[in-house]
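# Structural description and commentary
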Amino acid sequence: MDFRCTLFGPAALIVALAGCPTSDAPAEPTWHQDVAPIVVGSCAGCHRAGGVGPFALQTYEDAAPIAGWLAGVTESGQMPPWGVTDDGCGSLRPLHEDPSLSEAQIQTLRNWADTGAALGDPATAAPLPSGPDWSLTEPTRRLEPDEPYVVRGDEDDFRCVVLDPELASPVWLTGMEVVPDATEVVHHALVWVDSDGASADLADETGGYPCFGGSGFDGGKLVGGWVPGAGALEYPEGSGLEIAAGSRFVVQYHYFGNGTDTPDASALDLRWVEAEPARKVTMALRGNAGSAAGGLQLQPGELAPEFVVPAGAEAHKETIRVPLPGLPNLGLFLVGPHMHLAGVSMKVSVERPGGVRQCLLEADAYDFYWQRLYRYDTPIEDLPILSGADTLILECTYDNTLDNGRIRDALSDEGLAAPVDLSLGDSSLEEMCLAVLGVVR
């Protein structure tokens, strides 16, 4: 044993100078041998020609000039964009499609930057990952818009597209996948089912309508979503979500313009069965309480609970308790946090009888522009259970200051120079505290 490497406190500098290893990361990594598999495997899915990333990260020439930046944004957790870091819930269940880098991988990027970003020997290059294939297997039908929507300008654009599968009888949805077309302008998408036809009255001659924050109509149920790097949404094996006859699917696309007129004809792949499955899936939305009657909790300084994120508040928290009376035992397979532009973190927990809390998910780096639906990567029998004796707890934290770039941009769009109080609502200068729950019975 090298006793130099057991020193602590002020002796840490001596340890570092002595060259003691701190992780499994190579001390002097090279692009071909060590760095390319990390960058290509975890970054190039978005950072590629035609991808959603603003620049490519596929070659040594792409990465070497910004080696220090790569090290910094991975150390801070800003990249890859995932929204969940070391949150205290990580030991509950692994999450499907987690792109997070290991400590050793992050240290490799730091060592590469600090030692001059060496190229290495291409003759002995490490094999590059091709990435998992998470596309939807054997889709039943692809739905496409009647004509492309042209994304114009260079600003954010939220557009809902109505797609009719022409269902004459009920079916059971088992999986879905958004198939982006113009990946350079499609940022993310959310998918609802409209069983009442309300969306048809909103659509214009192109089959769509502007929308922000939601579907734009009442009664829709969220069934899935997509962000760059995500695969298909598959419900647990042997389960399905009932889709009534005559239902339409509504896809909300978040576009960000690139300064040129760009047509987009993104599609939606659906897989369903006609026979009723043994296990039933439900996608539920819980939260958004504006009063004590809905479970909104009293905050310091309040005489009565009121959902308001004060102007200038840097870490304002709203807490909502949602009892689940009468709920049968259900397996929770998906949790999706939803807030608007001021939202920075959201913790979803369940309180069991006796007051014992179990953390289900903590999106401690939430970003409205990188919303995800997080699925547990575990067999169905190992899913956490929700029952009628439980209470769901949502803790949403907001930054309503000019230090929050999303708020700053929203204020600028409205011609405002200073933050304003944010109440509960659908607009960009209103807020939400909402959890998407996917359960199987």
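Procedures and definitions
- Residues numbered from 1 in each chain as written.
- Predicted model: local features only at pLDDT ≥ 70, side-chain atom pairs only at ≥ 80, totals over all residues.
- Heavy atoms only, no water.
- Core = buried A, V, L, I, M, F, W, Y, C linked by side-chain atoms within 4.5 Å.
- Buried < 20%, exposed > 50% of the residue type's maximum accessible area, 1.4 Å probe, protein only.
- Helix = DSSP H or I, 4+ residues; strand = E, 2+ residues; numbered from the N terminus.
- Expected span 1.5 Å × (residues − 1).
- Contact = heavy atoms within 4.5 Å.
- Arc of directions from axis to C-beta.

## Comments concerning the nonpolar core
Grouped burial of nonpolar side chains is what soluble globular proteins tend to show. Core analysis: the largest hydrophobic core is formed by 86 residues, its most contacted members being Tyr235, Phe249 and Leu268. Sorting elements by how many residues they give to this core places strand E5 (residues 186-194) first, with six residues. Val35, Val39, Leu57 and Leu109 belong to the second largest nonpolar core, which has 16 residues in total.

## Some words on helix H2 (residues 31-42)
Given 3.6 residues per helical turn, the α-helix brings residues three or four places apart onto the same face. Spanning twelve residues, H2 covers only 14 Å between terminal C-alpha atoms, well under the ideal 16 Å at 1.5 Å per step. Among all positions in H2, only Trp31, His32, Val35, Ala36, Ile38 and Val39 are buried. Tucked into the core, H2 has its buried residues touching helix H3 (60-63), helix H4 (67-75) and helix H5 (103-114).

## Thoughts on helix H6 (residues 405-413)
Along H6, the residues classified as buried are Arg406, Ile407, Ala410 and Leu411. Each buried residue of H6 lies within a common arc of 130 degrees when the element is viewed along its axis, so the set occupies one face. Residues of H6 that are exposed and point over 90 degrees away from its buried face: Ser412 and Asp413. Those residues of H6 that are buried lie in contact with strand E17 (343-351) and strand E22 (422-423). Positive phi shows up at Gly415, right after H6, with a value of about 75 degrees.

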